[in-house]
Amino acid sequence: MGSASRKTFLPLDPVSFTNESKAVIDFIADYYENIEKYPVQSSVEPGYLSARFPDSVPYCPEPLEDILKDVNDCIIPGLTHWQSPNFFAYFQANASTAGFLGEMLCSGFNVVGFNWISSPAATELESIVLDWMGKLLKLPSSFLFAGTGGGVLHGSTCEAAVCVLAAARDKALKELGGWEHITKLVVYASDQTHFTFQKAAKLVGIPPSNFRLIETSFSTEFSMSPEMVRSAIEDDIKSGLVPLFLCATMGTTPTGAVDPIAELGKVTTEFKLWLHIDAAYAGSACICPELRHYLDGVELANSISMNPHKWFLTNMDCCCLWIKEPNLLTDSLTSDPEILRNKASKSRAVVDYKDWQIALSRRFRALKLWIVIRRHGLANLMYHIRSHIEMAKRFEAFVRKDERFELVVPRKFALVCFRLKPEAAAAEEEGGELNRKLVEAINSSGRALVSHAVAGGIYVIRCAIGTTLTQQHHVDALWKLIQEKAQALLINN
Ligand SMILES: *Cc1c(COP(=O)(O)O)cnc(C)c1O
C-alpha cells in the first residue's frame, strides 16, 4: 500500500475512535434499556446465523451503522441475556459500569504485561489488587504479597486449577525422584466438585483412574466428609499410591454446598496433600463478616481461587488465585527465553506474571477489579451481596409456603434449590420428569431463565439470584411464573 492510500486507511485515528466508540456505547446503553423486552433465553435454531449472513468476505470497508444494524437484527436474537434481571440460571456473570470502564481502559491501552518490564503498572496494580481482594476476604497474610504469599489474575478457575495442580505435581515428582512417578499421584475431590478439576487433572497428566470422587449425600447437605477423604487416602497409600491434591469447594455449583475446610485441612496437613479451595461463586460473599465463617480453616490451604466475574460486579473475565508458596507455581511454569530477558527479572525483585499462568500474553485485567473496588467501596459491595441474599430468602419463603413445592437443600448464599414434591408429581418417577417439564415451561416462556442440577440422584431446579439488575419485583414475578407453569402442568398431568 502506498503512502497516499495509507492516509485514508486509519484504523486508530482520534476522530473515528471517539465517534465510533460513542456510537457503540449508545448502542450498549440502548441494549440495557431494553434488556427486559427480550426473551431471556435465545430460541434460535442451530446454524441460524450462517443462513443470515453472506459467506463472502467484504472487500471494501463497511460503515459501522450497517454492522450495528446486523448486531441488532442478527446477533441479539441469538443471545441469551445473561445481564437480564430475569436471569436466574447457572451462576450469574455480573457486569457493572465500573467493570465496563475497567474493560475499556484495558482494551484502550491494550498492553501485554507478560513480565514486569513489559508494563510495570500492569504487574504492580495486579499485585496490589490481589492483596486488596485478599484483605477483603480476610485471607491470612500467608496468601498476600504483604506477607509471604501472592496472587494472580487468571481468566477462569479452570486455568487456575491447571496451574496449581502443575505446581503440586512438580513438587511431588521432585520429591519422588522423577516423571515416571506421575502414575502414582492421586487427586481427590467430591462428586459435587466442579468438573473443571477433573479436566485440569487430566491436562497435567494425572491418570483419570487416579481421580477420586468422594461421594456426598443429603445427610451432609452434599458437603465432603473428612472421614471418607481420610479413608480414601489411607487406601491409596496402602496400594502404593501417592495422595497429591484435594480440592475443597466453598459454594458448590449444583447446590451451593460448603466443604468443611478446617477439618479437611487437618487431613491434608497430616498426609501432606496440597489443599486447594475453589470459592469461584461464593468467595465474593465472604467480604460480609456474617458469611466469612465459611472460609474458616483457609489458613490450612495451599491455594484458593474465586471469580469476581461471577458475583463481584466485575465483567468477564476475572479469576483471583492466591498461593502460599508462589515459588512452587513459578518453579513449575517459568519460561526464560532470551527475547524476554531483562535486568529487572534477573534481579528477582519483580513479579513476572507469565510465570504464574499458562499463556505468555496477558490482559491488564487488574484495572477492572481495581475500579470495581474503588467505585463501589466495601459498603456497596457488601450491599450487593446482601441484597441478593435477602431476595433469595424471600424466594425461599415463597417455596416454603406452597405445599406443592419443597426446598431440596438448605440455602447458604443466594442459590435456592427446590422442586415440585414427588407427591405433587404423583405418577411421574420421583418427580424428575415433571420438574424437567416445569423448567422447560419457565424457560421457553422467555420471561425468566432457571437451570437445574442433579444431586443425590434427584433433579433439582436451581434459582440463582445475583444479576446486577435483579430487584425484588423480578423475584416476585419469577415465583408467579413458576406457580402459573406448575399449575398448568399439574392440571394436565
Ligand atoms: C463457575 C465455577 C467454576 C468454573 O469457573 P470458570 O471460571 O468458568 O472456570 C468452578 N468452580 C465453581 C464452584 C464454580 O461455581
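Predicted, not measured: the structure shown is a model, and the values here were computed from it.

Points about the pairing of strand S7 (residues 319–323)
Burial runs high along S7: five of the five residues are buried. Of the two faces of S7, the one lined by Cys 319, Leu 321 and Ile 323 and the one lined by Cys 320 and Trp 322 are each fully buried. As judged from the four bridges shared by strand S6 (residues 303–306) and S7, these two strands associate in the antiparallel manner. Within S7, the residue paired with Ser 303 across the bridge is Ile 323.

Re the pattern of salt bridges
If the charged atoms of two oppositely charged side chains come close together, the side chains can form a pair. Applying the stated criterion across every chain yields a total of 25 salt bridges. In this structure, Asp 296 engages Arg 292 in a salt bridge whose closest nitrogen and oxygen atoms are separated by 3.4 Å. On the accessibility criterion, Asp 296 (42% relative accessible area) is partly exposed. In this structure, Arg 404 and Asp 402 form a salt bridge, with 2.7 Å as the shortest nitrogen-oxygen distance. Here the salt bridges do not stand alone but share partners, grouping Glu 103, Asp 317, Arg 363, Arg 365 and Lys 368 into one network.

Regarding the sheet that holds strand S11 (residues 458–464)
Taken together, the four strands give an open sheet; going across it, the order is S8-S9-S11-S10, and neighbouring strands pair in antiparallel fashion. Of all the strands in the sheet, just strand S8 (405–407) and strand S10 (451–455) have a single pairing partner and so form its edges. Along the sheet, successive strands turn relative to each other by an average axial angle of 40 degrees, direction set aside. One ladder, built from five bridges, connects S10 with S11; its direction is antiparallel.

Overview of the UniProt feature "modified residue: N6-(pyridoxal phosphate)lysine" (unreviewed entry) in the protein chain
The UniProt record marks Lys 310 with the feature "modified residue: N6-(pyridoxal phosphate)lysine" (unreviewed entry), using the residue numbering of this structure. Residue placement: Lys 310 occurs in helix H11 (residues 308–311). Judged by relative accessible area, Lys 310 falls into the buried class, the value being 15%. Setting aside residues no more than four positions away along its own chain, Lys 310 makes contact with Phe 91, Gln 92, Ala 93, Asn 94, Ala 280 and Tyr 281.

Notes on the site of the ligand
Close to the ligand lie 14 residues, the nearest being Thr 157, Cys 158, Asp 278, Asn 307 and Lys 310. Asp 278 has a polar side-chain atom sitting 2.6 Å from a nitrogen atom of the ligand. Secondary structure elements with two or more residues in the shell around the ligand: helix H7 (157–176) and H11. Here the residues of the shell around the ligand are counted per class, giving four nonpolar, eight polar and two charged.

Quick word on the packing of H7 against helix H12 (residues 326–333)
Interhelical geometry of H7 versus H12 gives an angle of 90 degrees and a closest axis separation of 8 Å. Taken together, the axis directions place H7 and H12 in an arrangement best described as roughly perpendicular. Of the residues in H12, those in contact with Cys 163, Val 164, Ala 166, Ala 167, Arg 169, Asp 170 and Lys 171 of H7 are Leu 328, Leu 329, Ser 332 and Leu 333. Of the residues belonging to the contact of H7 with H12, the class tally is seven nonpolar, one polar and three charged.

Here's the deal with the sheet that holds strand S2 (residues 185–190)
Strand order in this open sheet of seven strands is S1-S7-S6-S5-S4-S2-S3, and the pairing throughout is mixed. Every other strand in the sheet has two partners, leaving strand S1 (150–154) and strand S3 (211–214) as the edge strands with one partner each. Pairwise comparison of adjacent strand axes, ignoring direction, gives a mean angle of 20 degrees for this sheet. By the bridge criterion, five bridges tie S1 to S7 in an arrangement that is antiparallel. Paired with Leu 153 across the bridge in S7 is Cys 320.

Examining a negative patch on the surface
A surface patch of like charges, here negative, comprises Glu 20, Glu 62, Glu 65, Asp 66 and Asp 70. Looking at which element gives the most residues to the negative patch, the answer is helix H4 (residues 64–75), with three residues. Along the polypeptide, Glu 62 turns up in the loop between helix H3 (48–52) and H4. Judged by relative accessible area, Glu 62 falls into the partly exposed class, the value being 47%.

Overview of the pairing of S11
In regular strands, side chains alternate between the two faces of the sheet. For S11, the tally of buried residues reaches seven of seven residues, placing the bulk of the element in the interior. The side-chain alternation of S11 yields two buried faces, one formed by Ile 458, Val 460, Arg 462 and Ala 464 and the other by Tyr 459, Ile 461 and Cys 463. Judged from the four bridges that link them, strand S9 (residues 415–420) and S11 form a sheet pairing that is antiparallel. Bridge pairing links Cys 417 to Arg 462 in S11. Between S10 and S11, which follow one another and run antiparallel, lie two residues, and Gly 456 among them has a positive phi close to 55 degrees.

Comments concerning the environment of Pro 260
Within the secondary structure, Pro 260 is located in the loop between strand S4 (242–249) and helix H10 (261–271). Residues contacting Pro 260, with those up to four places away along its chain left out, are Ser 223, Met 224 and Pro 226.

Conventions and cut-offs
- Think of each chain on its own: its residues are numbered from 1, step by step along the sequence as written.
- For this predicted model, a pLDDT threshold of at least 70 governs which residues receive local features, and a threshold of 80 or more governs which side-chain atom pairs are given and counted, while totals over whole chains, interfaces and linings are taken from all residues.
- Hydrogens are left out, water is left out, and the side-chain values use all remaining heavy atoms of the structure.
- Residue exposure (1.4 Å probe, protein chains only): buried if accessible area is under 20% of the type maximum, exposed if over 50%, otherwise partly exposed.
- Secondary structure is summarised from DSSP: a helix means a run of H or I of at least four residues, a strand means a run of E of at least two, and numbering begins at the N terminus for each.
- Only when DSSP finds a minimum of two bridges between them are two strands counted as paired.
- Any carboxyl oxygen of Asp or Glu that lies within 4 Å of a side-chain nitrogen of Lys or Arg is treated as forming a salt bridge with it.
- A fitted line through C-alpha atoms serves as each axis, taken over the contacting stretch for helices, and the angle formed by two N-to-C directions is quoted from 0 to 180°.
- UniProt positions are given in the numbering used here, feature names are shortened, and annotations may be inferred rather than shown by experiment.
- In what follows, residue pairs with any heavy atoms lying within 4.5 Å of each other are defined as contacts.
- For each residue, the test is whether any non-hydrogen atom lies within 4 Å of the molecule or strand; if one does, the residue is near.
- A 3.5 Å cut-off defines polar contacts: any pair of N or O atoms within that distance qualifies, except that in protein one atom must be a possible hydrogen donor and the other a possible acceptor, and neighbouring residues in sequence count only when both atoms are side-chain atoms.
- Classification convention: Asp, Glu, Lys, Arg as charged; Ala, Val, Leu, Ile, Met, Phe, Trp, Tyr, Cys, Pro as nonpolar; all other residues, Gly among them, as polar.
- In this scheme, roughly parallel covers angles under 35 degrees and roughly antiparallel covers those over 145, while 65 to 115 is roughly perpendicular and the rest are oblique.
- Patch membership is restricted to residues that have no salt bridge and whose relative accessible area is over 30%. Joining uses 9 Å for like charges and 5 Å for the nonpolar side chains Val, Leu, Ile, Met, Phe, Trp and Tyr.
- Each accessible area value is a Shrake-Rupley result obtained with a 1.4 Å probe; residue values ignore everything except the protein chains displayed when judging cover.
- None of His or the chain ends enter the tally, which takes Lys and Arg as positive and Asp and Glu as negative.
- Charge coordinates come from a single atom per side chain, which is NZ of Lys, CZ of Arg, CG of Asp or CD of Glu.

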